[in-house]
Amino acid sequence: MTTKIIWLVRSGLTVSRGAVALGLALLPLRQSSAAAAAGVHPGPMSRTEAFARAETLGALGRKIFFDPSLSASGLHACASCHDPARAFSPASAMPVEMGGEHRDQPGLRAVPTLRYLQSVPSFTEHHYDSEDEGDESVDNGPTGGLTWDGRVDHGADQAKIPLLSPFEMGNKDAAEVAAKLQKAAYADDIKAAFGETVFDNPKDAFDAAAEALATFEQSRPDFYPYSSRYDAFLAGKATLTAQELRGRQLFEDPAKGNCSSCHLSEPANDGEPPQFSDFGFLGLAAPRNMAIPANNDPNYHDLGLCGPQRTDFAGRSEYCGLFRTPTLRNVALKKSFFHNGYFHSLRDVVSFYATRDSDPGRWYPKYSDGTVRKYDDLPQAYWDNLNQDPPFGRKPGDAPALTDPEIDDIVAFLGTLTDADLQPEATGH
C-alpha cells in the first residue's frame, strides 16, 4: 500500500492514498499519538487509529446502506436505487425511481451511479486547469460537487438528501431518521462508534449515520476498484480487440467523437487512473422525457445548475440547462441515460451525440406543421448554453460526425470500462 501523500480537494485534508482506500477522506486525520476522542466528532487520531475508525464506520455504513427500515415505507433502502450489481445505479430501466411512504411518489431525475465519486472535487464556479496540468490559466467554468447539479460537496451531505426527500426515503426530518436508527439492530454499533450519548441529540445521530454512509461509499473494493479491462490494458496486462481500439481512437479524436474532451480517458500526470469525467457542467439538450410525471406540466423545466432543485444559482441564465458530466465507468451496465433517463440504449446515446444537430428530427418531436421542436426540454432563451463542440454544432442535413460502424466501435470501447466484479461471470447474471 503506497503512502504517497495527496491533497483531497473535497475534504481539505492531507492523507495517504492508502487512507483514501479506507474512507479517511471523511475523518479528521492528523499524525498524533493521542487516542481518538469518543463522540460524533472525534479529535486528532494517529494513523493506526484513523484506519481502524474508518473500518468501523465503513462496516456500519454498509449496514445502514442496505437497511430498508430507515425509509417511511419500511421497504426502501439506499440499495433499492443503488444496486451494487449495477455499479450502484438502478437495476430498473425507469427514468426515475418511486419512493415516499407508499412508494408511489416519482422522483425528478435519473439516479446516478455512486461508483467513482471519490475524486469529484468541491463545486466551484471557476475551475482553472489545463491539459498538461501546468498552466492553470484556462477558466473551465462550473466544476465539481455531487449530484447532477453539484449542490453538495461531501458524501455525508449527499447521503442526507435521499433520507429526507419526500420522493425517496420519505422521512420528514432528522429526528425521524434518528428514531429509526435507535431501533435498528446495529444501534449499539452506532453508540460504540459515536459515543453512548449519540441518540440524546437527534441531529448527532443523523450526522453519525450520514458519516458512516459516506465512509462506506469511500471503500475501494466497493466503489473504486479500477478493475476494468481498460485499466488492465493501460497497465499492459490486457489487450483490446481491433474494434475496441478503433472505438478508443474515435472516442479521443477531437474531430470525431471528441468524447475524451469531457470524459478523460488517459491517466493523470501522477499516474492516477482516468476518471472518465472532468467533473464539469454541460448543456446537451436531451429530449424531454414525458415518462417523468413532473414533465406533464409544460411550465416545468429541470434546468440543472440554475434550478429548481439547486437554488443558489436561480436566475443565473448562463447556467440554465447545465448538468454535471458523469463518469463513463461501468456505463454499459446502465439502463437509462442522462439526467432525465430519456435514453435506454448506450448506442442511442452515442448516436444522439453524433446527430443531435445534423438530424434533430430523429430525436425531437414535431409541431403540427411538421417542423421539429428542437431542444424541446430547454426554453429557447437558454439555447446559447448548449455545447456546440464536436460532434455537436453541425447544421441540419450535414453528414453526421460518426457513421454507424464508428458508433458501434465507440460502444464496443465503452464496454471495456466495466469493472471485473460486475462482469457476467463475476455476478452470475
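Each residue is numbered by its place in its chain's sequence as written, counting from 1. This being a predicted model, a pLDDT of at least 70 is required before a residue's local features are given, and a value of 80 or more before pairs of side-chain atoms are given or counted; all residues contribute to the totals for chains, interfaces and linings. To obtain the side-chain values, all non-hydrogen atoms of the structure were used and water was disregarded.

The numbering of helices and of strands both runs from the N terminus, where a helix is a DSSP run of H or I of at least 4 residues and a strand a run of E of at least 2. Within the protein chain, the secondary structure is distributed over 13 helices and eight strands. Relative accessible area decides the class of each residue, using a 1.4 Å probe on protein chains only: under 20% of the type maximum gives buried, over 50% gives exposed, and in between gives partly exposed. The proportion of buried residues among the 429 residues of the protein chain is 51%. Here the Shrake-Rupley method, with its probe set to 1.4 Å, supplies the accessible areas, and only the displayed protein chains count as covering residues. Total accessible area on the protein chain is roughly 18,800 Å²; 53% of this is exposed by carbon and sulfur atoms.

What follows deals with the nonpolar core. What makes a nonpolar core is a set of buried Ala, Val, Leu, Ile, Met, Phe, Trp, Tyr and Cys residues whose side-chain atoms join them at distances within 4.5 Å. By size, the foremost hydrophobic cluster in this structure holds 43 residues, and its most contacted members are Leu60, Ile64, Phe65, Leu181, Tyr186, Ile190 and Phe194. Of all the secondary-structure elements, those providing two or more residues to this core are helix 2 (47-65), helix 3 (78-81), helix 4 (155-164), helix 5 (174-183), helix 6 (187-194) and helix 7 (202-216). For this core, the element with the most residues is helix 7, which contributes nine residues. Between two residues, a contact is recorded if the distance between any of their heavy atoms is within 4.5 Å. What Ile190 contacts, discounting residues up to four positions off in sequence, is Leu60, Leu181, Gly195, Val198 and Phe199. Ranked by size, the runner-up nonpolar core spans 41 residues in total, among them Cys320, Leu322, Leu386 and Leu417.

Pairing of side chains with opposite charge becomes possible as their charged atoms draw close. Salt bridge, as used here, is a side-chain nitrogen of Lys or Arg placed within 4 Å of a carboxyl oxygen of Asp or Glu. Scanning all chains against the criterion turns up 25 salt bridges. Arg115 serves as the salt-bridge partner of Asp419, at 2.8 Å between the closest nitrogen and oxygen. Pair noted here: Asp419 is in the loop between helix 12 (404-414) and helix 13 (424-427) and Arg115 is in the loop between strand 4 (105-106) and strand 5 (128-129), with a separation of 304 residues, a long-range link. Here Asp419 matches Arg115 in class, with each residue buried. Between Glu176 and Lys180 there is a salt bridge whose closest N-O contact spans 3.5 Å. Of the two residues, Glu176 and Lys180 are both situated in helix 5; the distance of four residues between them amounts to about one turn of the helix. Residue classification places Lys180 among the buried residues on the basis of a relative accessible area of 18%.

The next point concerns the confidence of the model for the protein chain. By definition, pLDDT measures how confident the predictor is in each residue, and it falls between 0 and 100. Residues at a pLDDT of 70 or more form 87% of the protein chain, whose mean pLDDT is 90. Long-range and interchain partners of residues 1-38, a stretch whose pLDDT sits below 50, account for 107 contacts in this model, where long-range means more than four residues apart.

This paragraph deals with the packing of helix 11 (residues 346-355) against helix 12. Orientation is described by axes fitted as lines to C-alpha atoms, over the contacting stretch for helices, and by angles from 0 to 180 degrees between their N-to-C directions. Two numbers describe how helix 11 lies on helix 12: the axes approach to 10 Å, and their chain directions differ by 130°. The orientation of helix 11 relative to helix 12 falls into the category oblique. As helix 11 runs across helix 12, the sense of the crossing is right-handed. For the pair formed by helix 11 and helix 12, the contact residues are Leu346, Arg347, Val350, Ser351 and Ala354 on the first element and Asp404, Ile407, Asp408, Ile410, Val411 and Leu414 on the second. Amino acid classes used here: Ala, Val, Leu, Ile, Met, Phe, Trp, Tyr, Cys and Pro are nonpolar; Asp, Glu, Lys and Arg are charged; the rest, including Gly, are polar. In terms of residue class, the contact of helix 11 with helix 12 is built from seven nonpolar, one polar and three charged. Angular relationships are summarised with four words: roughly parallel below 35 degrees, roughly antiparallel beyond 145, roughly perpendicular across 65 to 115, and oblique for the angles in between. By the definition used in this description, the sense in which the near helix is turned from the far one sets the handedness, with an anticlockwise turn below a right angle giving left-handed and a clockwise turn giving right-handed.

Bringing the packing of helix 2 against helix 6 into the picture now. When two helices pack together, their arrangement is given by the angle between their axes and by how far apart the axes lie. Orientation of helix 2 relative to helix 6, taken along the N-to-C sense of each, is 155°, at an axis distance of 11 Å. With respect to each other, helix 2 and helix 6 are oriented roughly antiparallel. The way helix 2 lies across helix 6 gives a crossing that is left-handed. Facing Arg53, Thr56, Leu57, Leu60 and Lys63 of helix 2, the residues of helix 6 in contact are Asp189, Ile190, Ala193 and Phe194.

A few words now on the state of the cysteines. Disulfides are defined as pairs of cysteine sulfur atoms found within 2.5 Å of each other. Applying the stated criterion across every chain, the model contains one disulfide. Across the disulfide, Cys306 is cross-linked to Cys320 (sulfur-sulfur distance 2.1 Å). In this structure the cystine formed by Cys306 and Cys320 twists about its S-S bond by roughly 110°; its chirality is therefore right-handed. Of the two residues, Cys306 sits in the loop between strand 7 (281-282) and strand 8 (323-324) while Cys320 sits in the loop between strand 7 and strand 8, which places them 14 residues apart along the sequence. We note that Cys306, like Cys320, is buried. This cysteine, Cys81, is not joined by any disulfide, and Cys78 carries the nearest cysteine sulfur, 8.9 Å off. Looking at Cys262, it has no disulfide partner, and the nearest cysteine sulfur is the one in Cys259, 9.2 Å off.

Turning to its location among the elements, Thr325 is positioned in the loop between strand 8 and helix 11. Residue classification places Thr325 among the buried residues on the basis of a relative accessible area of 4%. Along the chain, Thr325 and Ser277 lie 48 residues apart, while their C-alpha atoms are 6.1 Å from each other. In this structure Thr325 touches Cys262, His263, Ser277, Asp278, Phe279, Gly280 and Leu282, once residues within four positions along its chain are discounted.

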